[in-house]
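Remarks on the overall topology
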Amino acid sequence: MFTARDRSWDELRGQMDSLLTREEYEAARLSTLNAHYTRRDLAFEMWQLAKRLGFRAGGTVLEPGMGVGNFFMVMPKDLMPGTRRVGVEMDELTGAIAKALFPNSTILIEPFQKTSLPDNYFDLVIGNVPFGKIEIVDPAFRREPFITRNIHNYFLAKSLLKLRPGGVLIAITWRHTMDAKTGKWFRAWMSERAELLGAIRLPRETFQRLQWGRDLKIAEMPPKTKSALVDSSFNGAAI
Ligand SMILES: C[S@@+](CC[C@H](N)C(=O)[O-])C[C@H]1O[C@@H](n2cnc3c(N)ncnc32)[C@H](O)[C@@H]1O
């Protein structure tokens, strides 16, 4: 789409050119690595999991990197009454769509690293974090550079700090969160603060057009203790 050499996208490119400002077009071009959204059936199942793990109506939910809000869209109706939802999205146009779709939720259109949300507050963090070898600048972690080295791990770590004790994090992340040898300090940091409830390696077809392996990770802040379940039947995608 953004490669002028590929003429098959000419028509759509022309439409985008006329509809978006230069800044919006550039932001869309830069967001392509992470501008893919979670299948709603998968998001729905993650809400079912949240329920099984104790999340109830009237709680507080955070989705960092929410895209247009596929997770909010399929949130079960019985969880709605009194629940306060906060979504964070960096891309302005995408965030504006989310704002229009969810007028009763708090949508912050800014980078997660700039978001100041209370620590120890949310009952649930749910979503599909942006991923890649993208370094994040966040002075809050200046003593823990292994956290800001990759955006996916950074999102998980900051999310964890936002959870209240006993709160639950259910997130799709890149398989390197679990696999990367260089991620051992990050994993140790997480395990000092939360109990890993389970990790599921999603089949390659889950994100059909992506070549990257994705994992579903479930962590819970103490004091509750549960055992971990790891399904590693899928051996990871070649990258
Ligand atoms: C993989 S998509 C997932 C979107 C949504 N959570 C879903 O599952 O459908 C990641 C989203 O994070 C956003 N994003 C990337 N970097 C971000 C940052 N630093 N702060 C906030 N949002 C970011 C992207 O624009 C994109 O919409």
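Structure shown above.
Attention here is on the structure that accompanies the text.

The rules behind the values
- Residues numbered from 1 in each chain as written.
- Predicted model: local features only at pLDDT ≥ 70, side-chain atom pairs only at ≥ 80, totals over all residues.
- Helix = DSSP H or I, 4+ residues; strand = E, 2+ residues; numbered from the N terminus.
- Buried ≥ 20, exposed ≤ 12 C-beta atoms within 10 Å, placed from the backbone.
- Contact = placed C-beta atoms within 7 Å.
- Near = placed C-beta within 6 Å.
- Nonpolar A, V, L, I, M, F, W, Y, C, P; charged D, E, K, R; others polar.
- Axes fitted to C-alpha atoms, helices over the stretch in contact; angles between N-to-C directions.
- Parallel < 35°, antiparallel > 145°, perpendicular 65-115°, else oblique.
- Left-handed = near helix turned anticlockwise from the far one by under 90°.
- Core = buried A, V, L, I, M, F, W, Y, C linked by C-beta atoms within 7 Å.
- Arc of directions from axis to C-beta.
- Pairing = 2+ DSSP bridges.
- Right-handed = clockwise from strand over helix to strand, strands pointing away.

The number of helices and strands found in the protein is 9 helices and 8 strands. The buried share of the protein, taken over its 239 residues, is 34%. Long-range pairs, those at least 24 residues apart, make up 69% of the contacts in the protein with a sequence separation of at least 6.

Looking now at the site of the ligand. In the vicinity of the ligand lie 21 residues, with Y37, T38, G65, G67 and N128 positioned nearest. Elements represented by at least two residues in the shell around the ligand include exactly β2 (84-89) and β4 (122-128). Partitioned by chemical class, the residues of the shell around the ligand number 8 nonpolar, 11 polar and 2 charged.

Quick look at unusual backbone geometry now. Note: most residues except glycine have negative phi, and most peptide bonds are trans. The phi dihedral of N120 is positive, around 50°, even though this residue is not glycine. Checked against the element boundaries, N120 lands in the loop between β3 (106-109) and β4.

For the rest of this paragraph, the subject is the environment of P111. With respect to the helices and strands, the residue P111 is situated in the loop between β3 and β4. P111 gets classed as partly exposed once you count the C-beta atoms within 10 Å, which come to 17. Sequence-wise, P111 and E89 are 22 residues apart; in three dimensions their C-alpha atoms are separated by 6.6 Å.

Looking now at the packing of helix α7 (residues 151-162) against helix α9 (residues 184-193). α9 packs onto α7 with a crossing angle of 20° between their chain directions and a minimal axis gap of 11 Å. Viewed along their axes, α7 and α9 adopt a mutual orientation that is roughly parallel. Seen along the crossing, α7 lies across α9 with a hand that is left-handed. Across the interface between the two elements, N153, L156, A157 and L160 of α7 pack against F186, W189, M190 and R193 of α9. Across the contact of α7 with α9, the residue classes tally to 6 nonpolar, 1 polar and 1 charged.

Let's shift gears to the nonpolar core. In this structure, L124, V125 and I126 are the most contacted members of the largest nonpolar core, which totals 41 residues. For this core, the leading source of residues is strand β5 (residues 163-174), giving 7 residues. For V125, the residues in contact, after removing those within four places along its chain, are L62, S159, K162, L163, L169 and A171.

Turning next to helix α5 (residues 92-101). Within α5, burial applies to T94, G95 and A98. Along the axis of α5, the buried positions cluster into a sector of 95°, meaning they face one direction only.

Looking at the secondary structure, you find W47 in helix α3 (residues 40-52). A residue is classified by how many C-beta atoms lie within 10 Å of it, and W47, with 19 of them, is partly exposed. When the C-alpha positions of W47 and M75 are compared, they lie 6.4 Å apart, and in sequence the two are 28 residues distant. Ignoring anything within four residues of it in the chain, the contact list for W47 reads V74, M75, P76 and L79.

Relative to β3, β2 is paired through 4 bridges, and the arrangement is parallel. Note that in β3 the partner of E89 across the bridge is I109. Handedness of the β2-α5-β3 crossover: right-handed.

Glancing now at the pairing of β4. For a regular strand, side-chain orientation follows a simple rule: the groups alternate between the two sheet faces. The element β4 is largely enclosed, with a buried count of 7 among its 7 residues. Inspection of the sheet shows strand β1 (residues 60-64) paired to β4 by 2 bridges, in the parallel sense. Bridge assignment links V61 to a residue of β4, and that residue is L124. Inspection of the sheet shows β4 paired to β5 by 6 bridges, in the parallel sense. Among the inter-strand pairings, V125 is bridged to a residue of β5, identified as L169.

Coordinates in, geometry out; function isn't part of it.
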